[in-house]
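# A look at the structure
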2 protein chains.
Amino acid sequence: MKDLNDMIIPGFDDMVAAHDRIRPYIHRTPVLTSSFLNELTGAELFFKCENFQKAGAFKVRGACNAVFGLPGDKLEKGVATHSSGNHALSLSYAAGRRGIPCTVVMPRTAPQAKKDAVRGYGGRIVECEPSTSSREATFAEVVAETGAEFVHPYNDPRVIAGQGTCSRELVDQVTDLDAVIAPIGGGGMVSGTCLTLSTLAPGLKIYAAEPDQADDAARSFRAGHIIADDAPDTVADGLKVPLKDLTWHFVSNHVTDILTASEQEIVDAMKLIWKRMKIVMEPSSAVPLATILKNKELFAGKRVGVIVTGGNVDLDRLPWLAQ
Amino acid sequence: MKDLNDMIIPGFDDMVAAHDRIRPYIHRTPVLTSSFLNELTGAELFFKCENFQKAGAFKVRGACNAVFGLPGDKLEKGVATHSSGNHALSLSYAAGRRGIPCTVVMPRTAPQAKKDAVRGYGGRIVECEPSTSSREATFAEVVAETGAEFVHPYNDPRVIAGQGTCSRELVDQVTDLDAVIAPIGGGGMVSGTCLTLSTLAPGLKIYAAEPDQADDAARSFRAGHIIADDAPDTVADGLKVPLKDLTWHFVSNHVTDILTASEQEIVDAMKLIWKRMKIVMEPSSAVPLATILKNKELFAGKRVGVIVTGGNVDLDRLPWLAQ
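Residues numbered from 1 in each chain as written. Chains lettered and ligands numbered in written order. Predicted model: local features only at pLDDT ≥ 70, side-chain atom pairs only at ≥ 80, totals over all residues.

## Some remarks on the overall build of chain A
Summing up its helical and strand segments, chain A has 13 helices and twelve strands in all. A compact globule built from 323 residues should have a C-alpha radius of gyration of about 20 Å, and chain A, at 18 Å, falls within 12% of that. Taking the principal axes of the C-alpha coordinates as reference, chain A spans close to 55 × 45 × 40 Å. By residue count, 54% of the 323 residues in chain A fall in the buried class. At a minimum sequence separation of 6, the contacts of chain A that also span at least 24 residues come to 75%. (Helix = DSSP H or I, 4+ residues; strand = E, 2+ residues; numbered from the N terminus. Rg over C-alpha atoms; globule rule 2.2 N^0.38 Å. Buried ≥ 20, exposed ≤ 12 C-beta atoms within 10 Å, placed from the backbone. Contact = placed C-beta atoms within 7 Å.)

## A closer look at the sheet that holds strand β5 (residues 79–82) of chain B
All names here are of chain B. Taken together, the four strands give an open sheet; going across it, the order is β7-β6-β5-β8, and neighbouring strands pair in parallel fashion. Of all the strands in the sheet, just β7 (124–128) and β8 (149–150) have a single pairing partner and so form its edges. Note that β5 and β8 share two bridges and pair parallel. For Ala80, the partnering residue across the bridge sits in β8 and is Phe150. Taken strand by strand, helix α6 (residues 132–146) contacts β5, β6 (102–107), β7 and β8, and its axis lies near 165° from that of β6. (Pairing = 2+ DSSP bridges. Axes fitted to C-alpha atoms, helices over the stretch in contact; angles between N-to-C directions.)

## Regarding the domain arrangement of chain A
All names here are of chain A. Entries for chain A in the domain assignment read domain 1 (2–57 + 156–321) and domain 2 (60–150). At the level of elements, α1 (12–22) and α7 (157–173) are the ones that each hand at least two residues to the side of domain 1 that touches domain 2. Here the element with the most residues in the side of domain 1 that touches domain 2 is α7; it accounts for eight residues. Taken together, the residues of the side of domain 1 that touches domain 2 sort by class into 14 nonpolar, nine polar and eight charged. (Domains from an automatic or database assignment. Nonpolar A, V, L, I, M, F, W, Y, C, P; charged D, E, K, R; others polar.)

Okay, structure coming up:
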């Protein structure tokens, strides 16, 4: 790690150390392909299936790295976080595996499936309103009360180093990739991808994919500084949070472009993946395919890694069946 | 193959030859596990994921074996069949890969997703009423009209030899299995499993799983002769067809038991697999887990292969969301 303008920037060695630390607690997830989707897009797509990951999402990588890297004197008070869902599950899972307490602040509107899963892993939930401001205020109270170690869902060097292990596996599983594309919310997965691939595959292009209705990262990228929205509304519930200084560092230095898609395009891409690939994944995870389908010329003839970030969806409220 | 009471019985060598013949056209599908489901059942379950198979179901194995084994003088008139769905898709896929015509008789009530997929692979559909009697009458007309080679969905030695390649892969992928369980409709997958495992793993128990509402195979098994129902009604739409002489031969000689589950148990097991394993599979494929959950004492502490037969489900009509 190196210190830059008061930020701790995780480096390639931190990612390698994270991988060694978390390997007993995570899956090396499979990479799936679809000849139908290759034909449809004109690209060769390699889907890195973090929907099959422990706790149902890539976020368990960063959460495990933070929890299993905690020094002994911090274990008793445990960990705490705020999260729109998957980081909450993942931190609860990691804390459960290490046997320490975990408190999570979640929007009351988060999918019931995610709340149930947090409690299933032994996490304690404190609810807030679905806005960045309410989340941050509620969380400050929780930390004051518990004295727990804050593990931010993405703006944390331990978390970014953990997320970087995903693309390390991907380039080991698939040779000669031309590009990788991942959804972007707060930017943890994209930052980890930048961290790893800027060393392992520096010529490879890194794209981020975002909903039109929560396009703060795309606007930040074009403006050259962070633009944060309060409480954007999108079916891709994992992608509502804004960039922070640490993820902005990686995004602004290494990302080739940020592409966006409409709500309908995201839902159509999600249903198409379920139908043709027979995998259950979240709306957020469909945003990359939605943007590839809109920008075929960028990807035609290319070998493209697509990060399927998670599979925690409420099966009683599928977006293509909504009223 | 050997001749027995006018039946051509496929043997182990036929299965090996089938595997060599079809390998370029099928996937060696992955085996997935779930620590949650292992804990829930007390068994170690190994899910052989034929929902990821070409055309979305195991049936492509038998269909490809029949189509790619056809002699040159039979190619021009093509192939024909009747099927409640997946065999139709699979034969259309196989015929398309070999470039020969394919006609399928399907119940008009078959899921729209399956009809669309048959046409997508280039198959021609002739509709019938959803009963065994209507299907057989309509099919006789089709054969008279086209002169096509009949590839029965299961009562065909070429098809059974092809289906047997699935459990050959399974015992190669997972060592020391105690049992294998597969859904049973006409008995093609179960017969192929018997064919292969009676040679490769003769001590292993073979269970079949069936809906209460289409339990003709279970009643046949107890009676000692084939009992066929006309037009049973179950959410497991792939399992409505009766045993025939060839599949009865394998089932009556090699199956340990046939277990059944209610409609609600099947739907609950299906939703549980989607939720915890993040895979899309058909109601028929959930019947094995539903019966394992009802008969935990049979499987506790055992290593059990579970054949997930297919993933072709209508995403607009999920059974837990039905009115």
